[in-house]
Amino acid sequence: MDWIHIVIRALTALVTLFIFTRILGKKQISQLTFFEYITGIVIGDVAGTTSTDIEQHFFHGILAMTVWFIVPLLLEMLTLKSKTLRHWFEGKGRVLIKDGKVLEDNLKKERYTADELLEQLRTKSVFRLADVEFAMLEASGELSVLLKSDKQPFTPAHLGVKTVAEKPSQTVIMDGVIQDEPLATAGRSRGWLHTELDKLGIPVENVFLAQVDMFGDLTVDTYDDKLKIPQPSQRPLLLATLKKCQADLELFALATTHERAKAMYSESSRQMQRVLSDVEVLLKA
């Protein structure tokens, strides 16, 4: 029966297409170059025709798909070693704004209008051309933008604030099921997780997602969106306790008349202040 043949041909073409795409890499499903764009269209069209045209020899269709798979694969290997070939097949970026000035000649070469340039800038949350120091149209068609130094957002480095390396949060509950591997990666046990959920008064079955961050704080999202869940408070509470200890040591130093005790409290207060300086950025919520 024809429909059985079509189903078999379609499934075979689908599997073949999937395997080819996996081998060619993720670029086939991300920002495509000109050649990758053409390759994707042709392979998809051949796969569709091979699936439905039962009068066509099936092997010929698979052979055509294989040719369109092998040629891009070989070219990809060659372009890894040759910058000239990369520029020829993938194109190269072109500067559209330099030193705050729009390069009109380069706009014409890319057939870019002023409206299109402004639209691309708006997609980067840039609404004033005067704020841009440099902009390049990449080979993928994406516009890369560098703002002028006085228009760039402040970072902790600008303010001289020390930060710590971020580590990804671990999803320890998903769809009401405890995920043991992420839980172990976070350095926590099921007993700890159940204890934390008991504090919140939430059963595991009611948890849609739960994550443990790099500080060991548990955040929970439940199926019941109206349920109010308290935010993690361990770090702010610890910071407040340390500050109180430092203040108490200063107070003891001022209150005592014993010289040795005063010196001891003062030195302890200074040490506690140094500890606070080191950990405050970690403990602030």
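What counts, and at which threshold
- Residues numbered from 1 in each chain as written.
- Predicted model: local features only at pLDDT ≥ 70, side-chain atom pairs only at ≥ 80, totals over all residues.
- Heavy atoms only, no water.
- Helix = DSSP H or I, 4+ residues; strand = E, 2+ residues; numbered from the N terminus.
- Buried < 20%, exposed > 50% of the residue type's maximum accessible area, 1.4 Å probe, protein only.
- Contact = heavy atoms within 4.5 Å.
- Pairing = 2+ DSSP bridges.
- Phe/Tyr/Trp six-rings, centres within 6.5 Å; stacked < 30°, edge-to-face > 60°.
- Lys NZ or Arg CZ within 6 Å of the ring centre and 35° of its normal.
- Axes fitted to C-alpha atoms, helices over the stretch in contact; angles between N-to-C directions.

Novice: Mind showing me how you'd approach the overall build of the protein chain here?
Specialist: Scanning the protein chain from terminus to terminus reveals eleven helices and eight strands. The buried share of the protein chain, reckoned over its 285 residues, is 25%. Considering only residue pairs separated by 6 or more positions, the protein chain has 51% of its internal contacts joining residues 24 or more positions apart.

Novice: Help me understand the pairing of strand 3 (residues 132–137), please; the structure alone is not making it clear to me.
Specialist: The two faces of a sheet get side chains in turn, since along a regular strand they alternate between them. Direction of pairing for strand 1 (residues 94–98) relative to strand 3: antiparallel, over a ladder of four bridges. Paired with Ile97 across the strands is Ala135, a residue of strand 3. Pairing geometry for strand 3 and strand 4 (residues 143–147), over five bridges, is antiparallel. What sits directly across from Leu137, in strand 4, is Leu143. Turn length for the strand 3-strand 4 hairpin, with the two strands adjacent in sequence and antiparallel, is five residues, and the turn residue Gly141 shows positive phi of about 95°.

Novice: Any chance you could explain the packing of aromatic side chains here in plain terms?
Specialist: Between two aromatic rings, the relevant description is the distance of the centres plus the angle of the planes. Taken as a whole, this structure holds two aromatic pairs when the rule is applied. Taking the centre distance of 5.4 Å and the plane angle of 55° together, the rings of Phe252 and Tyr265 count as tilted. Placement of Phe252 in helix 10 (residues 234–255) and of Tyr265 in helix 11 (residues 259–283) is noted, with a sequence separation of 13 residues between them. Given the relative accessible area of 25%, Tyr265 is considered partly exposed. Directly above the ring of Trp192 sits Arg188, whose terminal nitrogen or CZ lies 5.0 Å from the centroid.

Novice: Would you explain the sheet that holds strand 5 (residues 170–174) in this entry?
Specialist: What links the strands of a sheet is backbone hydrogen bonding, and the strands pair in either a parallel or an antiparallel sense. Ordered in space as 6-5-7-8, the four strands form an open sheet in which the pairing is antiparallel. Two strands close off the open sheet at either side, each with one partner strand: strand 6 (177–178) and strand 8 (218–222). For strand 5 and strand 6, the ladder comprises two bridges, and the chain directions are antiparallel. Counterpart to Met174 in the pairing with strand 6 is Val177. Relative to strand 8, helix 9 (residues 190–200) is tilted by about 65°, and along the sheet it contacts strand 5, strand 6, strand 7 (207–212) and strand 8.

Novice: Would you explain unusual backbone geometry in this entry?
Specialist: Excluding glycine, residues mostly have negative phi values, and the peptide bonds linking residues are mostly trans. Its identity as a non-glycine residue notwithstanding, Arg111 has a phi of 55°, on the positive side. With respect to the element layout, Arg111 can be found in the loop between helix 5 (104–109) and helix 6 (114–123). Even without being a glycine, Ser125 presents a positive backbone phi close to 65°. Locating Ser125 in the fold gives a position in the loop between helix 6 and strand 3. Residue Ser125 is classed as exposed on the basis of its relative accessible area of 60%.

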